Amino acid sequence: AQSVTQLDSQVPVFEEAPVELRCNYSSSVSVYLFWYVQYPNQGLQLLLKYLSGSTLVKGINGFEAEFNKSQTSFHLRKPSVHISDTAEYFCAGGETSGSRLTFGEGTQLTVNP
Amino acid sequence: KAGVTQTPRYLIKTRGQQVTLSCSPISGHRSVSWYQQTPGQGLQFLFEYFSETQRNKGNFPGRFSGRQFSNSRSEMNVSTLELGDSALYLCASGLGLYEQYFGPGTRLTVT
């Protein structure tokens, strides 16, 4: 993707509530899209990815995302969050013919008891 | 399968010095990419190596360089360190862009 925008820098939510983290991308070519999670003092862990095919993608830890080509979006959702989901989440994209990822600015998800 | 390892995990250097960071990819992975993460600029692509050749390069000054060895291990070097080079440097290995695994990073502090 040529650019990736995460629409919320911080999302506070209560435990067991649903959450949506929003991501838009901009590209004139075919892209792969990803969501990564980063816990404090750690690297990035892949949550899920869209390569092609079904627009609803399921990932680890109960997360899922929907690829919407007409709205150029790739929002991340979870129906019920836990305290342990508190972390920073990054949306990323890359051209299918390329070899680099472009990251969004990150969304800090804070789950409160 | 062992994950991506990066050494050292933490590093403190003085302005003007140079530094070398190391990344060992997952066994069998021939592609290694480097990213810089800072609070102000976020995650930015530095470069990617595949089979010892630099295949892609980000928009960083020439002070940032890298290389890859025949066993796919990679090093990145930053010369003439500046305060703004303080960052978390992340390495990722993969079979392609569609499958990338990140290491824990090296935290570089320049004083």
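To start, this report covers the structure provided alongside it. Please read all numbers here as calculations on a predicted model, not as lab measurements.

## Remarks on unusual backbone geometry
All names here are of chain B.
Then step 1. Across the junction of Thr7 and Pro8, the peptide omega takes the value -15°, indicating a cis bond.
Then step 2. Mapped onto the secondary structure, Pro8 falls in the loop between β1 (5-7) and β2 (10-13).
Then step 3. Located in the positive-phi region is Ser51, a residue other than glycine, with phi close to 50°.

## A few points about the sheet that holds strand β8 (residues 74-78) of chain B
All names here are of chain B.
Then step 1. The four strands lie next to each other as β1-β3-β8-β7, forming an open sheet whose pairing is antiparallel. Two strands in the sheet have a free side with no partner beyond their single neighbour: β1 and β7 (64-68). With strand direction ignored, the average angle separating the axes of adjacent strands in the sheet is 20°.
Then step 2. With five bridges joining them, strand β3 (residues 19-24) and β8 adopt antiparallel strand pairing. What sits directly across from Thr20, in β8, is Asn77.

## A word on the environment of Gly94 of chain A
Then step 1. Here Gly94 of chain A lies in strand β10 (residues 87-95).
Then step 2. Sequence separation between Gly94 of chain A and Gly53 of chain A is 41 residues; the distance between their C-alpha atoms is 16 Å.

## Observations concerning the nonpolar core
Then step 1. Formed by 27 residues in total, the largest nonpolar core has its most connected members in Trp35, Leu47, Leu48, Phe74, Leu76 and Tyr89 of chain A.
Then step 2. A per-element tally of this core places strand β5 (residues 31-38) of chain A first, with four residues.
Then step 3. One finds Ile26, Phe60, Val78 and Val110 of chain B within the second-largest nonpolar core, a separate group that totals 21 residues.

## So, the packing of aromatic side chains
Then step 1. All told, the structure shown has 13 aromatic pairs over all chains when counted by the stated rule.
Then step 2. Relative to Tyr89 of chain A, the ring of Phe63 of chain A has its centre 5.5 Å away and its plane inclined at 45°; by these criteria the two rings are tilted. Of the two residues, Phe63 of chain A sits in the loop between β7 (56-58) and β8 (64-68) while Tyr89 of chain A sits in strand β10, which places them 26 residues apart along the sequence. For the pair shown, Phe63 of chain A and Tyr89 of chain A are each scored as buried.
Then step 3. Aromatic ring contacts, followed pair by pair, group Phe34, Tyr36, Phe90 and Phe103 of chain A together with Tyr35, Phe45 and Phe102 of chain B into a single cluster.

## A word on the pattern of salt bridges
All names here are of chain A.
Then step 1. Inspection of every chain in the model, using the stated rule, returns eleven salt bridges over all chains.
Then step 2. Note that Glu20 and Arg77 form a salt bridge whose closest N and O atoms lie 2.8 Å from each other. Of the two residues, Glu20 is situated in strand β3 (residues 19-21) and Arg77 in strand β9 (residues 73-78); the sequence distance between them amounts to 57 residues.
Then step 3. On the basis of relative accessible area, Arg77 is assigned to the partly exposed category, the value being 27%.
Then step 4. Its salt-bridge partner being Glu64, residue Lys58 comes within 2.8 Å of it at the nearest N-O pair.
Then step 5. Among the residues examined, Glu64 registers a relative accessible area of 23% and is labelled partly exposed.

Conventions we followed
- Here the residue index of a chain counts from 1 through its sequence in written order.
- Ligands are numbered from 1 and chains lettered from A, in the order in which they are written.
- Reporting of local features is limited, given that this is a predicted model, to residues whose pLDDT is at least 70; pairs of side-chain atoms are given and counted only at 80 or more, and all residues count toward the totals for whole chains, interfaces and linings.
- Side-chain metrics rest on all non-hydrogen atoms present in the structure, leaving aside hydrogens and water.
- For the purposes of this entry, the term helix denotes a DSSP run of H or I that reaches at least four residues, the term strand denotes a run of E that reaches at least two, and both are numbered from the N terminus.
- If DSSP finds at least two bridges between two strands, the strands pair.
- The convention used is that axes are lines fitted to C-alpha atoms, helices contributing only their stretch in contact, and that angles between N-to-C directions extend from 0 to 180 degrees.
- Residues belong to one nonpolar core when they are buried, are Ala, Val, Leu, Ile, Met, Phe, Trp, Tyr or Cys, and are joined through side-chain atoms within 4.5 Å.
- Here the term buried applies to any residue with accessible area under 20% of the maximum for its type, exposed to any over 50%, and partly exposed to those in between, with areas from a 1.4 Å probe on protein chains only.
- Aromatic pairing here means that ring centres of Phe, Tyr or Trp (its six-membered ring) are within 6.5 Å. Orientation follows from the plane angle: under 30 degrees is stacked, over 60 is edge-to-face, and everything else is tilted.
- Salt bridges are identified by distance alone: a Lys or Arg side-chain nitrogen within 4 Å of an Asp or Glu carboxyl oxygen.

Any functional reading would require information beyond the geometric quantities listed.
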